[in-house]
Amino acid sequence: MGTETKSNSYTGQISTSGGNPKVMKDSLSLVRQTVNQQSQSNQNQYQNDTDNDNHLNSNSKSYSNATKTNQPETNHTEKNISPSTNESKKIIVPFVPIFVEEADVIQGAKELLKVIRPNWDLAHVEFKSFTDGITNKLVGCFHKPTTKLKRSDQKDDDDKEQQEPYVPPIKVEDQPAVQEEDEHEDEEEFTANGETDGLPLQYSDNVVLVRVYGNKTDLLIDRKAETQNFLLLHTYGLAPSLYATFKNGLVYEYVPGTTLNTESVLCPEIWPLVARRMAEMHRKVRKNVGDIVGGAASAEVNAAADAAKPLPMIWTKTQSFLDLVPERFTDAEKHKRVKGTFLPICRLREEFNSLYKYLVALDSPIVFSHNDLLLGNVVYTKCMKTVNFIDYEYADYNFQAFDIGNHFAEMCGVDEVDYTRYPKREFQLQWLRVYLEEYLQRTNIQSEEVDLLYVQVNQFALASHIFWTVWSLLQAEHSTIDFDYVGYAFLRYNEYLARKEEFLSLTAASQKNNK
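The residue count restarts for each chain, going from 1 along the sequence in the order it is written. Given that the model is predicted, a residue must reach a pLDDT of at least 70 before its local features are reported, and side-chain atom pairs must reach 80 or more before they are shown or counted; all residues, however, enter totals for whole chains, interfaces and linings. To get the side-chain values, take all heavy atoms of the structure and skip hydrogens and water.

Comments concerning the overall build of the protein
Thinking step 1. The helix count covers DSSP runs of H or I at least four residues long, the strand count covers runs of E at least two residues long, and both are numbered beginning at the N terminus. Of the regular secondary structure elements, the protein holds 14 helices and 14 strands.
Thinking step 2. For every residue, the accessible area (1.4 Å probe, protein chains only) is compared with the maximum for its type, and the residue is labelled buried under 20%, exposed over 50%, or partly exposed between those bounds. Here the protein, with 515 residues, has 57% of them falling under the buried criterion.
Thinking step 3. The contacts of the protein with a sequence gap of at least 6 include a subset with a gap of at least 24, amounting to 76%.
Thinking step 4. In short, Shrake-Rupley with a 1.4 Å probe defines the accessible areas, and a residue's cover is counted only from the protein chains shown. By element, 47% of the accessible surface of the protein is carried by carbon and sulfur atoms, the whole surface being about 22300 Å². We call two residues in contact whenever any of their non-hydrogen atoms come within 4.5 Å of each other.

A look at the packing of helix H9 (residues 346–360) against helix H13 (residues 485–504)
Thinking step 1. Interhelical geometry of H9 versus H13 gives an angle of 30° and a closest axis separation of 14 Å. Of the possible angle classes, the one that applies to H9 and H13 is roughly parallel. In the crossing of H9 with H13, the sense of the turn from one axis to the other is left-handed. For the pair H9 and H13, contact is made by Leu348, Glu351, Leu355 and Tyr358 and by Tyr493, Tyr496, Lys500 and Leu504, respectively.
Thinking step 2. A breakdown of the residues in the contact of H9 with H13 according to their chemical character gives six nonpolar, no polar and two charged. Axis lines are fitted through C-alpha atoms, for helices just across the contact stretch, and the angle between N-to-C directions can take any value from 0 to 180 degrees. Should an angle fall under 35 degrees it is taken as roughly parallel, and over 145 as roughly antiparallel, whereas 65 to 115 is taken as roughly perpendicular and any remaining angle as oblique. Crossing chirality is assigned from the near helix's rotation relative to the far helix, an anticlockwise turn below a right angle marking it left-handed and a clockwise turn marking it right-handed. Gly is placed with the polar residues, together with every amino acid not listed as nonpolar (Ala, Val, Leu, Ile, Met, Phe, Trp, Tyr, Cys and Pro) or charged (Asp, Glu, Lys and Arg).

Structural notes on the packing of aromatic side chains
Thinking step 1. Any two rings among Phe, Tyr and Trp, with Trp reduced to its six-membered ring, count as a pair given centres within 6.5 Å; such a pair is stacked if its planes are under 30 degrees apart, edge-to-face if over 60, and tilted if neither. Tallying each qualifying case throughout the model produces 26 aromatic pairs.
Thinking step 2. Ring geometry for Phe408 against Trp431: centres 5.1 Å apart, planes inclined by 80°, an arrangement best described as edge-to-face. In this pair, Phe408 sits in helix H10 (residues 400–410) while Trp431 sits in helix H11 (residues 425–440), placing the two residues 23 residues apart along the sequence. Neither Phe408 nor Trp431 differs from the other in exposure class; each is buried.
Thinking step 3. Pairing Trp468 with Trp471 gives two aromatic rings, centres 5.4 Å apart and planes at 80°, and the pair type is edge-to-face. Here Trp468 pairs with Trp471, and both are found in helix H12 (residues 447–478), just three residues apart, close to one helical turn. Across this residue pair, the class does not change: Trp468 and Trp471 are buried.
Thinking step 4. Grouped by ring-pair contacts, the aromatic residues Phe321, Tyr394, Phe402, Phe467, Trp468, Trp471, Phe483, Tyr485 and Tyr488 constitute a single cluster.
Thinking step 5. By definition, being over a ring means that NZ of Lys or CZ of Arg is both within 6 Å of the ring centre and within 35 degrees of the ring normal. Just above the ring of Tyr213 sits the side chain of Arg223; from NZ or CZ to the centre is 3.4 Å.

Remarks on helix H5 (residues 271–284)
Thinking step 1. Each helix should span, by expectation, one fewer than its residue count multiplied by 1.5 Å. With 14 residues, H5 ought to run about 20 Å at 1.5 Å a step, and its terminal C-alpha atoms sit 20 Å apart, in line with that.
Thinking step 2. Every buried residue of H5 is listed here: Trp271, Pro272, Leu273, Val274, Ala275, Arg277, Met278, Ala279, Glu280, Met281, His282 and Arg283.
Thinking step 3. Looking at the buried residues of H5, the elements they touch are helix H4 (223–235), strand E11 (366–369), strand E12 (378–381), strand E13 (386–389), H10 and H11.

Digging into the nonpolar core
Thinking step 1. Only buried Ala, Val, Leu, Ile, Met, Phe, Trp, Tyr and Cys residues count toward a nonpolar core, and they belong to the same one when joined by side-chain atoms within 4.5 Å. Of all hydrophobic cores here, the largest spans 105 residues; its most connected members are Val274, Tyr394, Ile404, Trp431, Leu432, Tyr435 and Leu473.
Thinking step 2. No other element matches H12, which puts 17 residues into this core.
Thinking step 3. If we ignore the near neighbours within four places in the chain, the residues touching Ile404 are Met278, Trp431, Leu432, Tyr435, Leu453 and Val457.
Thinking step 4. Listed in part, the 22 residues of the second largest apolar core include Leu112, Val125, Tyr243 and Val251.

A few points about the sheet that holds E12
Thinking step 1. Pairing between two strands requires that DSSP report at least two bridges joining them. The strand order across the open sheet formed by three strands is E10-E12-E13, and the pairing between neighbours is antiparallel. Both edges of this open sheet fall to strand E10 (258–259) and E13, since each of them pairs with a single strand only.
Thinking step 2. With four bridges connecting them, E12 and E13 associate as antiparallel partners. Looking at E13, one finds that Val378 is bridged to Phe389.

Points about the pattern of salt bridges
Thinking step 1. Here, a salt bridge means any side-chain nitrogen of Lys or Arg that lies within 4 Å of a carboxyl oxygen of Asp or Glu. Applying the stated criterion across every chain yields a total of 17 salt bridges.
Thinking step 2. Here Arg283 and Glu438 are joined by a salt bridge, their closest N and O atoms 2.8 Å apart. You can see Arg283 sitting in helix H5 and its partner Glu438 sitting in helix H11, a full 155 residues away along the chain.
Thinking step 3. The exposure class of Glu438 is buried, given its relative accessible area of 19%.
Thinking step 4. The closest approach of N and O atoms between Arg492 and Glu410, which form a salt bridge, is 3.5 Å. Of the two residues, Arg492 is situated in helix H13 and Glu410 in helix H10; the sequence distance between them amounts to 82 residues.
Thinking step 5. Its relative accessible area of 0% is what places Arg492 among the buried residues.
Thinking step 6. Of the residues examined, Glu410 reaches a relative accessible area of 1% and is grouped as buried.
Thinking step 7. Salt bridges linked by common partners bring Arg211, Arg223, Glu226, Asp391 and Glu393 together as one network.

Quick notes on the environment of Asp331
Thinking step 1. Among the structural elements, Asp331 can be located in the loop between helix H7 (313–324) and helix H8 (332–342).
Thinking step 2. Here Asp331 falls in the partly exposed class, since its relative accessible area comes to 36%.
Thinking step 3. Counting along the chain gives 146 residues from Asp331 to Glu477, while the straight-line C-alpha distance between them is 7.6 Å.
Thinking step 4. At a separation of 2.9 Å, a polar atom in the side chain of Asp331 contacts the main-chain amide nitrogen of Glu333. Polar contacts, as used here, are pairs of N or O atoms within 3.5 Å; protein pairs need one atom able to donate a hydrogen and one able to accept it. Residues neighboring in sequence count only if both atoms are side-chain atoms.

What about H8?
Thinking step 1. Taken together, the buried positions of H8 are occupied by His335, Val338 and Phe342. Along H8, the residues classed as buried sweep out an arc of 85° about the axis, all on the same side. Exposed residues lying more than 90 degrees from the buried face of H8 are Ala332, Lys336 and Gly340.
Thinking step 2. Where H8 is buried, its residues meet H9, H12 and H13.
Thinking step 3. The N-cap residue of H8 is Asp331: its side-chain oxygen and the backbone nitrogen of Glu333 are 2.9 Å apart. Each C-beta atom gives one direction from the helix axis, and the arc is the one those directions make.

Here we look at unusual backbone geometry
Thinking step 1. Cis peptide bonds are those with omega within 30 degrees of zero, and the linkage from Leu343 to Pro344 qualifies with 0°.
Thinking step 2. Topologically, Pro344 is positioned in the loop between H8 and H9.
Thinking step 3. For Asn371, which is not glycine, the phi torsion reads 75° and is therefore positive.
Thinking step 4. Looking at where Asn371 falls in the secondary structure, it is placed in the loop between E11 and E12.
Thinking step 5. Relative accessible area serves as the criterion here: at 0%, Asn371 is assigned to the buried category.

As C-alpha cells, then:
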C-alpha cells in the first residue's frame, strides 16, 4: 500500500513558504562539526567509488556509494558495514535537533540545510513539495550549481552573456531527470545522453530530500529500526545515502529517475529489473550472521538458525496495528462508516489469525523484505537500465511470498485503484521465473518451482490486503493528511473478500502429488 513514498514521483510546485521550525540553536555547532567530518569522509571515498564504478553490476552502480557492496572498507574510520563479513564500523549520521512543522516544511528544510549544507546559498535553492504523499511529507531541495554548466551546443561567447548559472530543469514523469557522476572531475562541460533532451544531467550532490514524518506515525513505524534498515541496505548498494536525521524526519540522497505507474510496471524492459532487484535483496541482505533466509540457505544453516528464526513482519506489525485501532473513532462520521464492517476489531483479528495459520503452513522462506513495494517506491532510471527501491519504513524479515504478492497487489494503483489490473497468471509466471533465476542463482528453473511460488504469492496477497486495511484504519484515526483512509480500507478489504476463495483454492502440482 502507499505510505508517504507515493510522493517520490518527483512532481510538485516551487515554494518559498515561511514559518519558524522549533530549533535548538545551541546544539547546531556540534552537528555542523559532525557534518563536516562526514563530508570529508565522503570526499575521501569519492575517488575510490569512481575508480570502481566500471566493475559494478548494472543495478548496483545506480547509487554513488554502491561499490561498498563489493569490497570491505579498511581505509577510513567512518565506513559502512561490509556485507561479506557483516562487521560493523562506525557510521556517522548526524542528528539535527530540529522539529519541522508539517505546515512549514519548506522553512524547516531551509533550517536543516543551514546545518547539513552550510556552503549552500539558500537564495540559489529551489524547494519542491512533492504531492500525493498519504503518510508523510517530502520536499526536494535543488541547489543551483555554483559552476556554470553548458549545453553541448553552447559557445564560449554565450558564457560571458549569461550572468546566472545554468540550472538543469527538474524532469517529471515521462522524461525523468537523471543524475550521474562525471568520470572527469576537471571538465565543466557536460552533454546529455538523450534522456534530458540535450540538457545537462542533474547531480545528486546538488539535491537532497527532506522527509517529514506524518502525525503520530511513530505508532506504526519504529523510526530507529527504519534508520538502521536504511544504513544496512546502503551497505549492500540497495539504498541511497542517509545524510542526517532530525526530530521528526530524515534527510537523504535523491534517487534519479521516474517512479513507476500502472502502465510502466508492465513494460518488458522494466518488470524484469524489478523482479531481479527484489530477488537480490531477498538473497543478499542479512541483519546478523546466521540469519535464516529460507530456501536460499543450506540445510545446515537453516537447521542451526531455526531456533532463532525472526518473527515475520506481517505477524508482528499486524498484531500491533490491531491493538491500536480504536473501538470508537474520534470523528463521528468515520466511526459511523467503519463500525458495521470493522468493529469490534476482534472480528478482523480473528480473520487475520485464521489466514495466517494457513499461510505459515505454505513454508515460504523468510527473507529480508521491503514490504511496501508500491509503484511509487520503485524508481526507474532509463539511461542506466536500472531500478531502485526507496523508502524502508516497513523493511524487515518477512515471508518471501508476501513481498512479491504485495507488489502484485500494488500494480492496481493507489489514487485510482482498479483491481482488474491485478497481473494475470501468464505475466506472473514470467515474472516469477526471472525472480527465481536471480534468487536461486541458476537458469534451469523448473516449471514446478514457478508454479509453487505462484500459489504462495497469490495466497500471501490476501495477507497484504488485510495488513493495509488495518493500516488504513489507524491512519483514518490519526493522520492529518487529506486522504480517504476509510475508503481505502474498504477497497482493500473488499478485494480480500472477493479473492479469498479463489486464491485459497489454488494448488500447485507438487502439492497435489504430496496429498
